[in-house]
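Each chain is listed here by its residues.
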Amino acid sequence: MASNCLFCRIAAGDIPSSAVYSDDEIYAFRDINPAAPQHILVIPRRHIQSLADAEPEDAAVLGRLLGCARTIAEQQGFAQTGFRSVFNTGVDGGQTVGHLHLHLLAGRAMHWPPG
Ligand code: AMP
Ligand code: ZN
């Protein structure tokens, strides 16, 4: 774990969060500043800086991340009504935390194109 990384510390339980899903590879928790009625962050426990830094050997954990997102959507009851899934990457992508995370947004109609 990267001890200076906020999301590594959240996944390790060093910093409190509102857990939604947890297994040996993936952790999901509620965003502290929600942009929709439901706003969940899904992260790999292992530190990966961003999607741009993902390596071929990360393919399995990225696949699991998406599978968990689908499971969470079912469990939270927004799989049928729909949801937005976003990876912000790098400066232009608006990434502010340097640990790969998937935003799951639901509970209202989303707009396109995003800001
Ligand atoms: P991004 O801007 O795509 O890097 O997303 C980072 C997200 O992390 C933002 O939506 C923040 O609101 C959220 N965030 C920052 N600190 C925390 C925290 N301690 N607990 C939960 N979510 C957080
Ligand atoms: Zn990290």
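Residues numbered from 1 in each chain as written. Chains lettered and ligands numbered in written order. Predicted model: local features only at pLDDT ≥ 70, side-chain atom pairs only at ≥ 80, totals over all residues. Heavy atoms only, no water.

## Considerations on the site of ligand 1
Taken together, 16 residues lie around ligand 1, and D31, N88, T96, H101 and H103 are the ones closest in. One of the backbone nitrogen or oxygen atoms of V97 is found 3.0 Å away from an oxygen atom of ligand 1. Between ligand 1 and H101 there is a distance of 2.9 Å, counted from an oxygen atom to a side-chain nitrogen or oxygen. Relative to its unbound accessible area of 500 Å², ligand 1 is 83% covered by the protein chains. Taken together, the elements giving at least two residues each to the shell around ligand 1 come down to α1 (6-12) and β2 (26-30). Considering every element that reaches the shell around ligand 1, the biggest residue donor is α1, with three residues. Residue classes in the shell around ligand 1 are distributed as seven nonpolar, seven polar and two charged. (Near = heavy atom within 4 Å. Polar contact = N/O pair within 3.5 Å; in protein donor to acceptor, adjacent residues only side chain to side chain. Areas by Shrake-Rupley, 256 points an atom, 1.4 Å probe, with all protein chains shown as cover. Helix = DSSP H or I, 4+ residues; strand = E, 2+ residues; numbered from the N terminus. Nonpolar A, V, L, I, M, F, W, Y, C, P; charged D, E, K, R; others polar.)

## Observations concerning the sheet that holds strand β4 (residues 83-86)
Taken in spatial order, the five strands line up as β1-β2-β3-β5-β4 in an open sheet, and their pairing is antiparallel. Each having just a single partner strand, β1 (19-22) and β4 make up the two edges of the open sheet. Sheet twist, expressed as the average angle between the axes of neighbouring strands with direction ignored, equals 15°. Both strand β3 (residues 38-44) and strand β5 (residues 102-106) contribute to a ladder of five bridges, which runs antiparallel. Paired with V42 across the two strands is L102, which belongs to β5. (Pairing = 2+ DSSP bridges. Axes fitted to C-alpha atoms, helices over the stretch in contact; angles between N-to-C directions.)

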